[in-house]
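# Structural features, examined
Spelled out, the chains give:
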Amino acid sequence: MTDSVNITQARVVIQQIDLPNETLQATLLLTLVPTERLHRLDLHAAEPNNGWIIQSVTVNKQPVKWTLADSTNGEKTAFHENVEDAVEMFRAGVKDSDAGGLHISIPQEAIVQESDPNQWAGLDVEIRWEVRRPVDGIRFEHENPMSHTRECAWVEWSPNNGRNWWPCIDSIQQMYPDIQFSISVPSGMIAVATGNLTQQIVDPTTGDVTFEYSIPSGSTASGVQWAVGEFGMVADAVSSRLTYFADRVHSWKLVKECTEQVHQMIQCMEEYLGIPYPCPQHKIVFVPVSYTHLTLPTKRIV
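Parameters and conventions
Residues numbered from 1 in each chain as written. Predicted model: local features only at pLDDT ≥ 70, side-chain atom pairs only at ≥ 80, totals over all residues. Heavy atoms only, no water. Helix = DSSP H or I, 4+ residues; strand = E, 2+ residues; numbered from the N terminus. Buried < 20%, exposed > 50% of the residue type's maximum accessible area, 1.4 Å probe, protein only. Contact = heavy atoms within 4.5 Å. Areas by Shrake-Rupley, 256 points an atom, 1.4 Å probe, with all protein chains shown as cover. Phe/Tyr/Trp six-rings, centres within 6.5 Å; stacked < 30°, edge-to-face > 60°. Expected span 1.5 Å × (residues − 1). Arc of directions from axis to C-beta.

Attention now goes to the overall build of the protein chain. Tallying secondary structure elements over the protein chain gives three helices and 20 strands in all. In the protein chain, which comprises 302 residues, the proportion classed as buried is 48%. Contacts in the protein chain between residues far apart in sequence, at least 24 positions, make up 66% of those at least 6 positions apart. In the form shown here, the protein chain has an accessible surface area of approximately 15,100 Å², with 50% of it arising from carbon and sulfur atoms.

Looking now at the packing of aromatic side chains. The full count for this structure, using the stated rule, is five aromatic pairs. The interplanar angle of 15° and the centroid separation of 6.0 Å between the aromatic rings of tryptophan 52 and tryptophan 129 together place this pair among those described as stacked. Placement of the pair is tryptophan 52 in strand β4 (residues 52–59) and tryptophan 129 in strand β9 (residues 123–132), with a sequence separation of 77 residues. Residue tryptophan 52 shares its accessibility class with tryptophan 129, and that shared class is buried. Seen from their ring centres, tryptophan 165 and tryptophan 226 are 5.9 Å apart, and the 85° between their planes marks the pair as edge-to-face.

A few words on helix α3 (residues 262–273). In this model, α3 (twelve residues) spans 17 Å end to end at C-alpha, consistent with the 16 Å of a helix rising 1.5 Å per residue. Turning to α3, its buried residues are Val262, His263 and Ile266. Summarising the axial view, the buried residues of α3 lie within an arc of 105°, below the 170-degree limit, and thus occupy one face. Among the exposed residues of α3, those pointing more than 90 degrees away from its buried face are Met265, Glu271 and Tyr272. Looking at the buried residues of α3, the elements they touch are β18 (242–247), α2 (252–259) and β19 (281–287). Just downstream of α3, glycine 274 is the residue with a positive phi angle, here 75°.

On their own, these measurements won't tell you what the molecule is for.
Next comes the structure, spelled out in structure tokens:
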């Protein structure tokens, strides 16, 4: 999967997140260069039983055939309008793909060979999808006056969790180039994500806020993480690279007590391993049932 293409650009856009109904709508824009004549692009993607609905797939702005395959039990689930074509693509996909997922047919007229016979022209792939009430990958928490929690959502961290919320090559061997990530949230909420916050854009009509992040090259698909909620923010008292976020109803005194030794832990690990901590930023987001780390990696950590 990772040997047949080189990804040169990636942009992930979550246009809308509906916390009460536990849904999100998103778009992926990929620019990739084939390393060989490419007939099909295989991406890891969560399966229909995880609430996925693929809305459209285009290659170089042209609609293409695709299928979403279930890897857990070998069953086919085709959402393309041409069912027979989708079934054939599924059968081809399960033969030589390392996982079920999104199999995209590449029109051969789009495969253009450069003057150098070993080079191919780039392809622009756009995928629009929706996730409704996911079972894995994204957690939604609803407002509960009894437990003093408010609505929020976050990506759960696990080694191969990227595929549960965005179509990707979800492998530690696939290091992405710079990823542009944006997420729009309702007024009053903020979106915390991996990477550098580059700008915030307020919709003058709805009041929704779009948070734009830039994630430096070297991240894996599962390294792209985010959390949305009515969070407050506090910087670490000692280290400028540590920032903490928590729901405003949480006790900030408790948050500070939980994190006051974090900078010392990082310093101890640096001294023990003899290498500097590889992330210039480390964000810790406290959510109602757990917490999640959003780091900004500058190099691969093995």
